[in-house]
Amino acid sequence: GWEGKVVVSFIVNGNGFVENIKIVESCGVDMLDKNAVDTVRKASPFPKPPIEAQVIIPIVYRLD
C-alpha cells in the first residue's frame, strides 16, 4: 500500500550522464525514495544537452 510523490533533482552533464542526484521532497517511504534515485541513475545517459542542465522532476507512485 505504498504510494506517494518523490521530487528528485539532478544534473545532466555535457555527456548526458547524471550527477548530484538529490531528493528534494520525500514521500515518507524510504524504499520509494531510494527507488526514485535508482530509476534516475538507470535512465542515464540522457540525450546530450547543449549545456549542463539541472532537472527537477516528480516521480509518482500510485496503486491502481
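In the block above lies the structure referred to throughout.
Keep in mind that this is a model prediction, so the values were computed, not measured.

1. Some details on the sheet that holds strand 1 (residues 4-12)
Spatially, 2-1-3 is the arrangement adopted by the three strands of the open sheet, whose pairing is antiparallel. In the strand order of this sheet, the two ends are held by strand 2 (18-25) and strand 3 (53-61), each with one partner. On average, adjacent strands in this sheet sit at an angle of 25° to one another, irrespective of strand direction. Pairing analysis gives five bridges linking strand 1 to strand 2, with the strands arranged antiparallel. Bridge pairing in strand 2 places Val 7 opposite Glu 25. Seen against the sheet, helix 1 (residues 30-43) touches strand 1, strand 2 and strand 3 and runs at an angle of roughly 150° to strand 2.

Reading the values: the criteria
- Residues numbered from 1 in each chain as written.
- Predicted model: local features only at pLDDT ≥ 70, side-chain atom pairs only at ≥ 80, totals over all residues.
- Heavy atoms only, no water.
- Pairing = 2+ DSSP bridges.
- Helix = DSSP H or I, 4+ residues; strand = E, 2+ residues; numbered from the N terminus.
- Axes fitted to C-alpha atoms, helices over the stretch in contact; angles between N-to-C directions.
- Contact = heavy atoms within 4.5 Å.

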